[in-house]
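Fold and geometry: a report
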Amino acid sequence: MSQQTAAQIKEVLRKNPQGLSITEIVREVHINRNTAGRHLEKMLISGQVEMRHFGMAKIYALANRVPVSAVLSISSELILQLDNSTRIVFINDAFAHFLATPVNELMGKNIEFTPLVTAFDDFFPEFLARVKAGLDGTEWQGEIGPVKGGITFSSRVAPTALDHGQKGVSVILEDITGRKRADKLLRESEERYRILAEISNDLIFLIGRDDQVQYINSYSAGFLGTTPANVIGKSRSTLFPPEIDRRQGRILRQIFTDGRSAHSEGPLLKDGEIRWFDHALVPLKDPDGSVQAVLGVSRDITERKKSEETLRSSEERYRRLIWRSFDAIVIHRKGIISLANRAAANLLGTSSPEDLVGKNIFDFVHPDYQAFARERIKVMTTTEELTAVDVAEEKFLKIDGMPIDVEVVATSFIDNGESAVQVVFRDITRRKELMEKLRQSEEKYRNLIEHSQSGVFIIQGRLIRYVNSAFARILGGVPGDFVMRDFSDFIAPEDLDFVLDRGHLRQQGHPVETYECRLLKRDGVTRILASLDAGVISYEGAPASMGSIRDITEQRRIDEALKESGEKLRAVFDSTFQFTGMMTSEGILIDVNRTALNFLERRREDVINRPFWDTGWWRVERMQQLQNAIAEAAKGAFVRYEVELQGSGDKTMIVDFSIKPVYDSDGNVRLLIAEGRDITERKHTEEALRETEERFRKVFEDGPLGMAILGSDLRFMLANKLFCDMLGYTAEELQTKTFADITPPGHVNTDLAEIRKLYAGTIPRYRTDKRYIRKDGSEMWGALTVGPLRDQEGNIVSTLALVEDITEQKRSAS
């Protein structure tokens with residue numbers, strides 16, 4: 001009776017969407033005022049009706065809101081509603097998906113008989129108790145899990161008034177597994193960083209807006225002669241002398257104001273000694289962007305400061321070493337040259353090193369190597385530590401724009417607090433020319449690439465006082481292996497007197513030219529041939545010799561290899577099966593391989609140094625074509641065509657002939673390579689194939705049967721005129737159709753089955769009588785024979801259909 005009354009009230013309100021007072025509802029439904037008020041109260045709680053005031057009266061109308069169940073169904077949270085018997089009256093899709101059970105299979109079931117029991121496992125009894133307490137009016141919030149799948153939920157159980165005012169309970173579960181995992185990782189991360197801070201030898205601290213110390217690591221507290229506990233919470237200003245306090249306070253106030261990090265260097269007093277620190281201050285911001293604290297990291301750089309002073313005292317010596325180097329040396333900061341030696345000025349074509357200072361280093365780097373050079377500089381300048389990059393070959397540009405090949409090695413260092421790069425380079429244009437000649441004469445061998453740099457040394461008497469890294473590398477060690485050693489230990493015995501005599505002459509003031517000698521590597525056995533030059537200087541108040549060495553062993557080896565590789569190339573050149581020759585850009589033959597000579601039965605001396613077209617391989621009618629091809633190749637074009645060559649006697653050969661230009665290092669055509677590959681047999685085969693195809697074409701076009709070729713997708717690729725006439729289509733129209741488009745539906749599956757057998761290789765061909773649908777819709781009968789067409793590997797790629805019109809025969813037979 002109660003549900004019937006509620007239904008009557010809703011029907012009356014539906015007919016009166018403007019709303020009714022309780023007096024009007026009682027009059028329409030014929031119930032007493034108390035009963036109507038009780039039902040309306042329940043319907044308000046469940047959201048079925050809405051109430052508004054009109055003066056002193058309450059006006060009731062059906063609710064226009066979206067049903068709660070519709071909203072809950074699309075929620076990402078897991079939502080469940082139970083009645084007072086713990087039966088499911090609502091469950092959203094997310095909860096049903098978690099239980100891997102459709103919603104309709106869960107509705108109306110007691111939760112104790114649903115997959116929720118196994119999903120929550122040991123947590124279910126506690127969960128059920130929370131639900132029953134919710135039915136008694138007790139709301140609960142907490143965590144459940146981990147349950148099935150390792151999921152942890154944030155849970156809320158809340159008493160709920162269901163439709164018609166019935167008591168129930170709502171359960172809302174939110175998956176917080178990821179948040180829990182993130183919280184755990186955050187705690188672990190914070191612990192790791194705390195440990196790092198505690199074991200750090202840097203001063204690490206955190207200062208709040210109130211200028212109080214919020215955190216300080218043990219090293220910082222020890223620096224102040226106390227413990228972290230005695231410092232945290234105190235004002236920063238009480239920890240330092242007034243002058244240092246004022247400077248720190250000024251920087252901190254600026255950071256709190258503009259929110260930008262700050263970096264500075266400054267002194268701190270420790271045990272009566274001034275220590276210098278590198279300070280990095282970083283703002284820690286609230287979500288709204290305001291600075292809540294400043295994190296500081298200060299590193300003791302006192303020793304670095306002392307080292308910088310030592311470095312400045314040796315700057316002049318360093319500059320003199322650079323000035324006397326055989327190699328070109330420049331130093332640049334952020335790409336701008338700040339120092340250059342005489343060798344660099346000479347190599348780059350300026351009158352003095354000062355002409356280079358202030359210019360951008362990339363003004364002298366060839367465009368093809370700009371990206372490569374920038375990447376190397378990036379590698380060196382992204383760290384404060386000294387970093388060297390490997391020796392590399394590049395192209396530089398002189399001041400007049402002329403390109404030169406150079407060998408480059410570079411090292412980064414800190415100069416006056418700024419990152420700088422020292423670049424040492426030498427002109428290797430001559431060596432590149434030798435390597436290019438070697439490459440041309442030894443095409444299948446790798447380029448010989450082994451570079452060296454000049455080594456700089458200072459000796460007093462015979463005691464080595466200084467060597468640079470290049471010197472150490474040349475002799476197979478590091479600088480420490482040579483300093484304070486006797487220079488004669490590294491001179492080959494057979495050259496010892498020779499080298500020492502020139503050293504004595506130099507000390508006596510006699511000029512000594514650069515000379516070659518044999519040196520010993522650090523192992524005392526390996527010899528190298530070196531070019532040595534030196535001069536007299538004053539070093540630490542005493543006479544000394546400063547000079548440089550260059551390893552020229554490789555240069556000698558290349559000269560020998562060039563000769564040997566030419567002999568190897570000749571053997572390869574003469575053993576190839578194809579005709580190969582080399583000629584000048586004017587067409588004068590300068591070399592030819594044995595294969596070409598054997599075909600002509602001539603000697604090499606019979607044909608070289610003659611115009612290529614006047615050597616016997618070319619018929620008169622082909623000479624002009626060859627001369628034109630040589631002229632095109634001399635301009636840089638690759639020329640290729642087929643031609644018949646004349647051999648000895650009546651021998652002829654059809655060749656795939658080409659002329660390819662070869663360029664020198666300046667981009668000019670230096671040689672022309674002529675090649676001819678025998679294609680006589682292939683040409684004969686192609687001719688035979690053309691004849692076969694022509695015969696097939698005539699049979700296909702003029703044969704007495706309709707013929708068509710179908711692709712593997714059963715679409716018409718080609719059809720002869722007779723087949724087109726049979727069906728009333730043009731060949732172009734048929735190419736847009738498949739066999740099914742011209743076959744009655746009842747016969748399509750039969751044809752398909754037989755064609756599959758044909759492609760599978762289970763039948764050699766397929767024959768049948770079938771009907772065809774003409775373009776005008778009429779039908780004809782045809783005797784069909786289908787055979788496979790294969791590619792060179794024997795795979796079926798298409799089919800050939802032969803059709804004879806038997807329409808009249810079929811009519812006669814019927």
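This one's a predicted model, so the numbers in the text were calculated from it and none came from an experiment.

This brings us to the overall build of the chain. Each helix and strand counted, the chain has 28 helices and 33 strands in total. Computed over C-alpha atoms, the radius of gyration of the chain comes to 48 Å, more than 25% over the 28 Å expected from 2.2 N^0.38 for 814 residues, which places it beyond the range of a compact globule. Per-residue burial for the chain yields a buried fraction of 40% across its 814 residues. A total accessible area of about 45,900 Å² is found for the chain, and carbon and sulfur atoms account for 51% of it. Averaged over its 110 positive side-chain charges, the chain has a centre that lies 4 Å from the centre of its 122 negative ones.

Let us now look at the pattern of salt bridges. Under the defined criterion, the tally for this structure stands at 38 salt bridges. Measuring nitrogen to oxygen at the nearest pair gives 3.0 Å for the salt bridge that ties Glu-540 to Arg-465. Within this pair, whereas Glu-540 is found in the loop between strand S22 (527-539) and strand S23 (542-551), its partner Arg-465 is found in strand S20 (residues 463-467), the two being separated by 75 residues in sequence. Linked through salt bridges whose partners overlap, the residues forming this network are Glu-494, Asp-495, Arg-518 and Arg-527.

What follows deals with the nonpolar core. Of all hydrophobic cores here, the largest spans 28 residues; its most connected members are Leu-80, Phe-95, Phe-98, Ile-111, Leu-116, Phe-120 and Phe-127. Of all the secondary structure elements, the ones that give two or more residues to this core are strand S4 (78-83), strand S5 (88-91), helix H5 (93-99), helix H7 (116-120), helix H8 (124-135), strand S6 (140-144), strand S7 (153-161) and strand S8 (167-175). The element that contributes the greatest number of residues to this core is H8, accounting for 5 residues. Grouped together as the second largest cluster of nonpolar side chains are 27 residues, Leu-589, Val-607, Tyr-641 and Ala-674 included.

Each strand in a sheet pairs with another by means of backbone hydrogen bonds, the pair being arranged parallel or else antiparallel. The sheet built from 3 strands is open, its strands ordered S1-S3-S2 with antiparallel pairing. Each end of this open sheet is capped by a strand with a single partner; those strands are strand S1 (20-21) and strand S2 (49-54). Taken together, the 6 bridges between S2 and strand S3 (residues 57-62) define a ladder with antiparallel strand orientation. Paired with Val-49 across the strands is Leu-62, a residue of S3.

Relative to the helices and strands, Met-582 is located in strand S24 (residues 579-583). Between the C-alpha atoms of Met-582 and Ile-608, which are 26 residues apart in sequence, the distance is 9.5 Å. Those residues in contact with Met-582 that lie beyond four places of it in its chain are Ile-588, Leu-589, Ile-590, Asp-591, Leu-671, Leu-672 and Ile-673.

Further remarks concern the sheet that holds strand S17 (residues 403-415). Read across the sheet, 5 strands follow the order S15-S14-S18-S17-S16 without closing on themselves; strand pairing throughout is antiparallel. If you trace the sheet from one side to the other, it starts and ends with strand S15 (336-340) and strand S16 (388-397), each paired once. Across the sheet, the mean angle separating the axes of adjacent strands is 35° when strand polarity is ignored. The pairing of S16 with S17 spans 8 bridges and is antiparallel. Each residue of the ladder has a partner; that of Ala-388, found in S17, is Thr-411. Along the sheet, helix H16 (residues 370-381) contacts strand S14 (328-333), S16, S17 and strand S18 (418-427); its crossing angle with S16, the most-contacted strand, is approximately 150°.

In this section: the confidence of the model for the chain. The predicted coordinates should not be examined in detail at positions where pLDDT is low. When pLDDT is averaged across the chain, the result is 84; 92% of the residues are at 70 or more. Counting interchain partners and residues more than four positions distant, the pLDDT-below-50 stretch residues 65-71 has 4 contacts. Per-residue pLDDT stays below 50 along residues 442-452; that stretch engages in 27 contacts with residues further than four places along the chain or on separate chains.

Secondary-structure assignment places Thr-768 in strand S31 (residues 766-773). Between the alpha carbons of Thr-768 and Ile-176 there is a distance of 71 Å; along the sequence they are 592 residues apart. In contact with Thr-768, other than residues within four places in its own chain, are His-747, Asp-751, Gly-782, Ala-783 and Leu-784.

The subject of this paragraph is the pairing of S20. Consecutive side chains of a regular strand alternate in pointing toward one face of the sheet and then the other. Alignment of strand S19 (residues 455-460) against S20, held across 4 bridges, turns out to be antiparallel. Considered in S20, the bridge of Ile-459 is made with Ile-464. Counted along the chain from S19 to the antiparallel partner S20, the turn is 2 residues long, and its residue Gly-461 has a positive phi close to 65°.

This part covers helix H12 (residues 242-258). Under the 1.5 Å per step criterion, the end-to-end length of H12 is 24 Å for 17 residues, consistent within 8% with the ideal 24 Å. All of the buried residues in H12 are Ile-244, Asp-245, Gln-248, Gly-249, Leu-252, Ile-255 and Phe-256. Buried residues in H12, looked at end-on, bunch into an arc of 125°, giving them a common side. Exposed positions of H12 whose direction lies more than 90 degrees from the buried face are Glu-243, Arg-246, Arg-250, Arg-253 and Thr-257. As for H12, its buried residues are in contact with strand S9 (203-208), strand S11 (262-270), strand S12 (273-285) and strand S13 (291-300).

Next up on the list: the packing of aromatic side chains. The geometry of two aromatic rings is summed up by the distance between their centres and the angle between their planes. Inspection of the entire model under this criterion finds 19 aromatic pairs. Summarising the aromatic geometry, the rings of Phe-498 and Tyr-515 are spaced 5.4 Å apart at their centres and angled 85° between planes, so their arrangement reads as edge-to-face. With Phe-498 in helix H19 (residues 496-507) and Tyr-515 in strand S21 (residues 515-520), the pair connects residues that are 17 residues apart, well separated along the chain. For Phe-498, a relative accessible area of 32% translates into the label partly exposed. With relative accessibility at 8%, the residue Tyr-515 sits in the buried group. One aromatic cluster is present, built from ring pairs that chain together Phe-95, Phe-98, Phe-120, Phe-124, Phe-127 and Phe-153.

Definitions and cut-offs
Residues numbered from 1 in each chain as written. Predicted model: local features only at pLDDT ≥ 70, side-chain atom pairs only at ≥ 80, totals over all residues. Heavy atoms only, no water. Helix = DSSP H or I, 4+ residues; strand = E, 2+ residues; numbered from the N terminus. Rg over C-alpha atoms; globule rule 2.2 N^0.38 Å. Buried < 20%, exposed > 50% of the residue type's maximum accessible area, 1.4 Å probe, protein only. Areas by Shrake-Rupley, 256 points an atom, 1.4 Å probe, with all protein chains shown as cover. Lys, Arg positive; Asp, Glu negative; His and termini not counted. Charge placed at Lys NZ, Arg CZ, Asp CG, Glu CD. Salt bridge = Lys/Arg side-chain N within 4 Å of Asp/Glu carboxyl O. Core = buried A, V, L, I, M, F, W, Y, C linked by side-chain atoms within 4.5 Å. Pairing = 2+ DSSP bridges. Contact = heavy atoms within 4.5 Å. Axes fitted to C-alpha atoms, helices over the stretch in contact; angles between N-to-C directions. pLDDT = per-residue confidence, 0-100. Expected span 1.5 Å × (residues − 1). Arc of directions from axis to C-beta. Phe/Tyr/Trp six-rings, centres within 6.5 Å; stacked < 30°, edge-to-face > 60°.

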